[in-house]
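Take a look at the letters that make up each chain.
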Amino acid sequence: MMKPSLHLFALPVASVFLSACGGGGESDGPDNASNFPPHDNTEDVEALYQSMPELFTFASIEDLPKDLKWENGMDLPEIGSPDAKKGGTTYGAMPDFPRTLRTSGPDSTGGIRRYLLDETAMTYAVRHPNVDGHFPGLAKEWAIDRENATVYVRIDPEAKWSDGHPITTEDTAFALYFYLSEHTGAPFSKHFVETKIKNLTIYDDLTFSTTISENKPDFPAYVLEVTPKPRHFYIEHGPDFAQRYNWRFAPTTAAYIIKPEDIKKGRSIKFTRNDHWWAKDRKFWKNRYNPDFIELTVIRDPDKTFESFKRGDLDMARLDLSKYWYEQLPDDDPLVKDGYIHKVTFYNDIPRGSLGLWLNTNKPPLDNVHVRRGIHYACNWDIVIDKFFRGDWVRLKTASDGYGDASHQDIEPREFSVEKAREEFAKAGFTKRGPDGVLVNDQGQRLSFTLNTGAKTFGDALTILKQEALKAGVEFNLEIMEQTASWKKNQEKNHEISFTGFASSTSEIYPRYWDFWHTDSGYKEDGSVKPQTNNFTSTTIPDLDPVITAYDKSESHEEKIKLAHQIEETLYDHAAWVPGVDTIHYRLGYWRWVKWPEDFNVKRSELARTAWLHWIDEEARKETKEAMKAGKTFDPVIKVYDQYRVD
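Note that the structure is a prediction, hence the values are computed from the model and not measured.

**Thoughts on the overall build of the protein chain**
Point 1. When helices and strands are tallied, the protein chain shows 19 helices and 29 strands.
Point 2. The C-alpha radius of gyration of the protein chain comes to 25 Å, within 12% of the 26 Å expected for a compact globule of 647 residues.
Point 3. For the protein chain, the spread of C-alpha atoms along the principal axes amounts to about 80 × 70 × 50 Å.
Point 4. For the protein chain, with 647 residues in total, the buried portion stands at 63%.
Point 5. Contacts spanning at least 24 positions in sequence make up 76% of the contacts within the protein chain whose residues lie at least 6 apart.
Point 6. Of the roughly 24700 Å² of accessible surface on the protein chain, a fraction of 48% belongs to carbon and sulfur atoms.
Point 7. Counting 81 positive and 102 negative side-chain charges, the protein chain places the averaged centre of each group 4 Å from the other.

As structure tokens, this is what we get:
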């Protein structure tokens, strides 16, 4: 149920820098559904509905309030270019083969999830990426009762799943069951339903209302910006959910499907645009999702991925890293100079991610706050920005930058200081330098940590960080891993320090804290560490938990801001996350057969493909390749789009 834009399943922000496309981990390929015994969960679903009458109400259409003011957002501006053409194939790469096709449960937050859900799935309504307001998705119209924190929704009668089944309120109700079930293994989504959803009322097959537990300023998004779950498909949902559905493509609300024959174990996955997608001619949707096919091939090495792009095997590549923008594809590169590859810098306006060092406080001596604070001072991010990023990136202040007044503007990251780092380490008992320059305590324990990452392209940056940290007496042993292997290690809480991060939602107006910092997201009731959660620091601060709970429940904008700042100050003192780096723009290289709207992209786009506005001109592809053979050139294109720039 929980939508792409609300990010109930937070995504690893580091993954967006790894290649032209996202990636995943090794798998054994598609499972044979016949290997699982028959199962029907109808009785379980009905039992849950009956056991929670306060959550599930089944009424009649006559019970629908008569004085509702329905809206549909059809007056908002169109998205995309009227010149967009359907057809062609867009070719991308992934650094590893995904572990699952599921978008919920174990191992579901990485891999190809962006293509399955976060960038493609249609919600009931969608926040417009350029202006305020929502436009229709699965909903034909909706009505907002702000006094009672309730949203009424009428599902479009033409809305269908990709397999042709109508989308109905049965799917809406089942979505709550799906996330409440322990079988699903989605703790954050379960917590969301338990704490945010007060009541779901079904009036008929197409009409429902959802009442939110707290009347917060952004409560309509909790209803409108979610997707249902296909009840008919998950009839076998049960204790073996993760295994049974691991490689079964679920009917989707998105424009693309995956056919079983297009999953090539360990090598590639191909998405096919659904010719029967019910929304293909609708306003806000008709100029998007234009390629007929999306073909993703496993290329494990980022540099080889870039070589494939320059050969023309891949259509586009992110150029955010300086070595790509300045060195491997400079403006005077023949491919750029001769107009074959275009370069673009696009300034977006979105909340920033949380790329940095996540310190696992469950791993001594990282349980000592002075060790953690010392690591902050031992990290010379300024030299990393100057040398590795050539000054193009900026230092993050908090893990919640970019949320306007909800972000704490007065917090500054701890600066690089050998003296201050040594002072903090000394407070933790690390006072003597060994022969290799690493500090040791009286028991002979070295101040040495394994620093893992799945962001291979940042290896040189971490090497600089490692060299600088040694000046302060701390050793980072770098462990460069496959992306999902690193992510899994973090979710299982087997890491010491991880360089990673989470992408922020482009539609949320407030930061999220519970899933990263609340005790219940990090530990089980018996006090043991809870795996498969996003509390990568294993943080437990008893005094902070009630503040996070109060923040989540607050219905006042002013109070939420105050509590958010209080939380950030506590997290600063706790020092389990070392602020890393981010950009205020993205850079893209693409072959001239990839076409874009005149203004290139929407304001709230995290990546160039976030809104899927581009299209493939196969004639231009043929023309370009023939021109290269014949020595024919085109005008170079190097553009900066700064209409949404916010410094």
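**Some details on the pattern of salt bridges**
Point 1. A full pass over the atoms with the stated rule returns 36 salt bridges.
Point 2. A salt bridge links D333 to K310, with the nearest nitrogen and oxygen atoms 3.0 Å apart. Taken together, the residues span a long stretch of sequence, with D333 in the loop between α8 (322–328) and α9 (334–337) and K310 in helix α7 (residues 302–311) at a distance of 23 residues.
Point 3. Judged by its relative accessible area of 24%, K310 is partly exposed.
Point 4. Salt bridges sharing partners connect three or more residues here, namely R114, E119, E606 and R609.

**Focus on the packing of helix α10 (residues 369–378) against helix α12 (residues 418–427)**
Point 1. Two elements in contact, α10 and α12, have axes whose closest approach is 8 Å; the angle formed by their N-to-C orientations is 165 degrees. By the criterion of interaxial angle, the relationship of α10 to α12 is roughly antiparallel. The crossing of α10 and α12 is left-handed. Residues H370, V371, R373, G374, I375, Y377 and A378 of α10 form the contact with α12, whose participating residues are K420, A421, E424, F425 and K427.
Point 2. Partitioning the contact of α10 with α12 into residue classes produces six nonpolar, two polar and four charged.

**Details of the sheet that holds strand β29 (residues 638–641)**
Point 1. One open sheet accounts for four strands, arranged β14-β26-β15-β29; its pairing is mixed. Every interior strand has two partners, whereas the edge strands, β14 (316–318) and β29, have only one. Taking each pair of neighbouring strands and ignoring which way they run, the sheet shows an average axis angle of 20 degrees.
Point 2. With seven bridges joining them, strand β15 (residues 341–347) and strand β26 (residues 585–591) adopt antiparallel strand pairing. Its bridge partner being in β26, H342 is matched across the sheet by Y590.
Point 3. Strands in contact with α7 are β14, β15 and β26; relative to β26, the strand with the most contacts, it is inclined by about 50 degrees.

**Some thoughts on helix α18 (residues 557–574)**
Point 1. If you check α18, its first and last C-alpha atoms are 25 Å apart, about what 18 residues at 1.5 Å a residue would give, namely 26 Å.
Point 2. Among the residues making up α18, those that are buried are K560, I561, L563, A564, I567, E568, L571 and H574.
Point 3. Considering only its buried residues, α18 is in contact with α10, α15 (514–517) and α17 (545–553).
Point 4. You can read the cap of α18 off the contacts: a side-chain oxygen lies 3.4 Å from the backbone nitrogen of E558, and it is on S556.
Point 5. Positive backbone phi, at 60 degrees, marks A575, one or two positions downstream of α18.

So, how was this worked out
- Residues numbered from 1 in each chain as written.
- Predicted model: local features only at pLDDT ≥ 70, side-chain atom pairs only at ≥ 80, totals over all residues.
- Heavy atoms only, no water.
- Helix = DSSP H or I, 4+ residues; strand = E, 2+ residues; numbered from the N terminus.
- Rg over C-alpha atoms; globule rule 2.2 N^0.38 Å.
- Buried < 20%, exposed > 50% of the residue type's maximum accessible area, 1.4 Å probe, protein only.
- Contact = heavy atoms within 4.5 Å.
- Areas by Shrake-Rupley, 256 points an atom, 1.4 Å probe, with all protein chains shown as cover.
- Lys, Arg positive; Asp, Glu negative; His and termini not counted.
- Charge placed at Lys NZ, Arg CZ, Asp CG, Glu CD.
- Salt bridge = Lys/Arg side-chain N within 4 Å of Asp/Glu carboxyl O.
- Axes fitted to C-alpha atoms, helices over the stretch in contact; angles between N-to-C directions.
- Parallel < 35°, antiparallel > 145°, perpendicular 65-115°, else oblique.
- Left-handed = near helix turned anticlockwise from the far one by under 90°.
- Nonpolar A, V, L, I, M, F, W, Y, C, P; charged D, E, K, R; others polar.
- Pairing = 2+ DSSP bridges.
- Expected span 1.5 Å × (residues − 1).
- Polar contact = N/O pair within 3.5 Å; in protein donor to acceptor, adjacent residues only side chain to side chain.

The quantities given are spatial measurements derived from coordinates; they are silent on function.
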